[in-house]
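Below are the chains, spelled out letter by letter.
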Amino acid sequence: MKINKLLFFIFLYTSIIYTKSYSAENKSGTFEGKGGAEDHSFLNVTNSNLKKGKDFFKQAIKLKKKNKIKKSGIKFEKALGYFVLAHKEYPENVEILNYLGFTYNVIGDLIMSEIYYQQALVLDPKNPTINQGLGELYLETKRINLAKERLEALSICNCQEYIKLKNLLEKN
């Protein structure tokens, strides 16, 4: 019994000394976010609005594929809200503009979709994803000549987006 108590106190003593020697505080006493059980830096981490928007967007796509239209609509709206916030933070981010264009297209606001796709196209005119999205929007709105212009812009890359848009144009 005495040995168990002795071992316990030795363990306790070394634990205390070890914890103090590897403290998360520097000499000025400010927390740097390092250090085992005392590390609470995870509380300060914030998800970016773009990441949150992408997460809701992925959920919405899955729900839409399962034909859960109402639930997917709610998720698309939440995604859109986060994309709008992200756009306010980073107005010239092509990825955010593309997500805004695509999300507005999915929820049926084709005017807003076109606005964001065109903004993205100004920043990155050779972007295959944006050219495909805008080309599909033009097809959807029966502006075949404009869709052909987007296909022409994609012809340089001969990529998957080019093939998809070309197939859609051939069906019309």
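Preceding this section is the structure that the text describes.
Here goes a summary of the coordinates provided. (Residues numbered from 1 in each chain as written. Predicted model: local features only at pLDDT ≥ 70, side-chain atom pairs only at ≥ 80, totals over all residues. Heavy atoms only, no water.)

This part takes up unusual backbone geometry. In this structure, N67 takes a positive phi of about 65° despite not being glycine. Relative to the elements of secondary structure, N67 occurs in the loop between α2 (49-65) and α3 (69-89). Residues other than glycine seldom take positive phi values, yet K142 does so here, at roughly 65°. If you trace the backbone, K142 turns up in the loop between α6 (128-140) and α7 (144-154). (Helix = DSSP H or I, 4+ residues; strand = E, 2+ residues; numbered from the N terminus.)

What follows is about helix α8 (residues 160-171). With 12 residues, α8 should cover 16 Å at 1.5 Å per step; its first-to-last C-alpha distance of 17 Å lies within 8% of that length. Those residues of α8 that fall on the buried side of the exposure criterion are E161, Y162, L165 and L169. The arc that holds every buried residue of α8, seen down its axis, measures 100°, which confines them to one face. In α8, the exposed residues that point more than 90 degrees away from the buried face are Q160, E170 and K171. In the core, the buried residues of α8 are packed alongside α6 and α7. (Expected span 1.5 Å × (residues − 1). Buried < 20%, exposed > 50% of the residue type's maximum accessible area, 1.4 Å probe, protein only. Arc of directions from axis to C-beta. Contact = heavy atoms within 4.5 Å.)

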